[in-house]
Amino acid sequence: MSDTINSEIRFNIELDENRVPEKLTWSAQDGGVQAQDAKAIMLSIWDSKVKETMRIDLWTKDMPVDEMKIFFHQTLVAMADTFKRATDDEKMSDTMKDFCDYFAEKLELTK
């Protein structure tokens, strides 16, 4: 019988009077992260019973739009990489990365 190990990631969200995020922090003891500031969080959770993705998308009201565009681009690139590792579908991963290049070009993120 093997011992299981539990790991925990925590998000703390400070809201204003209108319940809009003012401050986001996250902690992951196993990763050596304690109350690290963040401006945005995108979290996807797969519910296999109902075959649906639940999502939590939060950003602070002082998150600059130019940084949000970079955040989205980097998230899309990471999703293409994760898709490749999870499915071994290199062709679709490359197609996703082509879109990421297009996305970056249209938002003038590339120099």
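Residues numbered from 1 in each chain as written. Predicted model: local features only at pLDDT ≥ 70, side-chain atom pairs only at ≥ 80, totals over all residues. Heavy atoms only, no water.

Peer 1: How should the pairing of strand S4 (residues 40-47) be read in this particular structure?
Peer 2: A regular strand places its side chains so that they alternate between the two faces of the sheet. In this sheet, strand S5 (residues 52-59) lies alongside S4 in antiparallel orientation, the contact comprising eight bridges. Across the sheet, the residue bridging to Leu43 is Ile56, located in S5. Counting the residues in the hairpin turn of S4 and S5 gives four residues, including Lys51, whose phi is positive at 55°. (Pairing = 2+ DSSP bridges. Helix = DSSP H or I, 4+ residues; strand = E, 2+ residues; numbered from the N terminus.)

Peer 1: Looking at this model, I keep getting lost on the packing of helix H1 (residues 65-87) against helix H2 (residues 90-106). Mind explaining?
Peer 2: Two measures define how a pair of helices packs: the angle their axes make with one another and the distance between the axes. One way to put it is that H1 packs onto H2 with a least axis distance of 8 Å and a crossing angle of 170°. Comparing their axes, H2 and H1 come out roughly antiparallel. Contacts between H1 and H2 pair Lys69, Phe72, His73, Leu76, Val77, Met79, Ala80, Asp81, Phe83 and Lys84 from the former with Glu90, Met92, Ser93, Met96, Lys97, Phe99, Cys100, Phe103 and Ala104 from the latter. Tallied by class, residues from the contact of H1 with H2 come to 12 nonpolar, two polar and five charged. (Axes fitted to C-alpha atoms, helices over the stretch in contact; angles between N-to-C directions. Parallel < 35°, antiparallel > 145°, perpendicular 65-115°, else oblique. Contact = heavy atoms within 4.5 Å. Nonpolar A, V, L, I, M, F, W, Y, C, P; charged D, E, K, R; others polar.)

Peer 1: Looking at this model, I keep getting lost on H2. Mind explaining?
Peer 2: The α-helix advances 3.6 residues per turn, and as a result positions three or four apart in sequence lie on the same side. Here H2 spans 24 Å end to end across 17 residues, near enough to the 24 Å set by a 1.5 Å rise per residue. The elements touched by buried residues of H2 are H1. Positive backbone phi, approximately 55°, marks Glu108, located one or two places after H2. (Expected span 1.5 Å × (residues − 1).)

Peer 1: What's the story with H1 in this structure? I'm lost.
Peer 2: With 23 residues, H1 extends 32 Å between its outermost C-alpha atoms, agreeing within 8% with the 33 Å of an ideal straight helix rising 1.5 Å per residue. When H1 is considered as a whole, its buried residues turn out to be Met68, His73 and Ala80. Taken together, the buried residues of H1 touch S5 and H2. Looking one or two residues beyond H1, the residue adopting positive phi is Asp88, at roughly 60°. (Buried < 20%, exposed > 50% of the residue type's maximum accessible area, 1.4 Å probe, protein only.)

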